[in-house]
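# Report on the structure
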Amino acid sequence: MHPTLFMALRTLHLLSMALWVGGPVVAALGARKSLMTGGDVARDRVRWVVSVTPLFVVSALLTVGSGIGLILGLGGLSAVRRSVLVGAALAIAALPVGGVMNQPALMKLKAHFESGGSAGEAAPVITRFLLAHWIEQTLRFAALFLMAVPF
Ligand code: HEM
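So, a few notes on the structure that sits alongside this text. (Residues numbered from 1 in each chain as written. Predicted model: local features only at pLDDT ≥ 70, side-chain atom pairs only at ≥ 80, totals over all residues.)

## Observations regarding the site of the ligand
In the vicinity of the ligand lie 23 residues, with Gly67, Leu70, Ala88, Ala91 and Met147 positioned nearest. Those elements that place two or more of their residues in the shell around the ligand are helix 1 (3-28), helix 3 (39-74), helix 4 (82-114) and helix 5 (119-148). Element by element, the count of residues in the shell around the ligand is highest for helix 3, at 7 residues. Residues of the shell around the ligand, tallied by class, amount to 18 nonpolar, 3 polar and 2 charged. (Near = placed C-beta within 6 Å. Helix = DSSP H or I, 4+ residues; strand = E, 2+ residues; numbered from the N terminus. Nonpolar A, V, L, I, M, F, W, Y, C, P; charged D, E, K, R; others polar.)

Next comes the structure, spelled out in structure tokens:
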């Protein structure tokens, strides 16, 4: 692979992973408090999280896509450090957690608060949503550690 293309892929990888790792940290700041307040505060918070979620989905796809490009550029799986491959597997494992656990909980919260439901009734869904968030974050930070530290 041409060195300029490899450098471009690496830059794309670093930019997209920064958004994929850092964005949800910001989105979750104070989320439990806002959601447990209920009413307009919870509804607006959920709407905001829903509105920024596509950014995280795009950054996830760009991270995985550029990561695959980097593997090809380095000469295939056998040419890549094992810790990078483990990190890639952990990062990819975060995708189904988002799709199966996080997103449905978020949609349920949106419907619940938009129909005037109380925070008390939503508590188990809030817990599931935040648990999914922390599982995803743990996987992403583990990937960051494994890729950034040269074992
Ligand atoms: C949360 C997800 C991810 C994070 C935070 C992340 C982070 C990083 C970082 C910081 C580097 C630069 C390492 C260095 O230059 O020393 C890197 C390189 C790399 N990443 Fe990722 N990455 C993620 C996901 C992925 C995925 C899903 C793949 C593969 C499908 C992948 C494949 C690679 C490859 C092949 C390299 C180059 C390794 C090398 O030059 O030795 N990454 N990643």
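## A few points about the nonpolar core
Counting residues in each nonpolar core, the largest one holds 12 residues, listed as Leu35, Ala42, Val46, Val49, Ala105, Leu106, Leu109, Phe113, Ala122, Ile126, Phe129 and Ala132. Every element with two or more residues in this core is listed here: helix 3, helix 4 and helix 5. Ignoring sequence-local partners within four residues, the contact set of Leu35 consists of Ala42, Arg45, Leu109, Ala119, Ala122 and Ile126. (Core = buried A, V, L, I, M, F, W, Y, C linked by C-beta atoms within 7 Å. Buried ≥ 20, exposed ≤ 12 C-beta atoms within 10 Å, placed from the backbone. Contact = placed C-beta atoms within 7 Å.)

## Focus on helix 3
A rise of 1.5 Å per residue sets the reference length of helix 3, with its 36 residues, at 52 Å; its end C-alpha atoms lie 52 Å apart and thus fit the reference within 8%. Maximal helix bending in helix 3 amounts to about 30°, located at Val52; proline Pro54 follows within four positions. Buried residues of helix 3: Ala42, Arg43, Val46, Val49, Phe56, Ser59, Ala60, Thr63, Ser66 and Gly67, and no others. Each element contacted by the buried residues of helix 3 is listed here: helix 1, helix 2 (31-37), helix 4 and helix 5. (Expected span 1.5 Å × (residues − 1). Bend = angle between axes of the 7 residues up to and from the residue.)

## As for the packing of helix 1 against helix 3
Interaxial distance between helix 1 and helix 3 falls to 8 Å at its minimum, and their mutual angle equals 150°. Put simply, helix 1 runs roughly antiparallel to helix 3. The two elements helix 1 and helix 3 meet at a crossing, and its hand is left-handed. Along the lines of polarity and charge, the residues of the contact of helix 1 with helix 3 split into 15 nonpolar, 9 polar and 1 charged. (Axes fitted to C-alpha atoms, helices over the stretch in contact; angles between N-to-C directions. Parallel < 35°, antiparallel > 145°, perpendicular 65-115°, else oblique. Left-handed = near helix turned anticlockwise from the far one by under 90°.)

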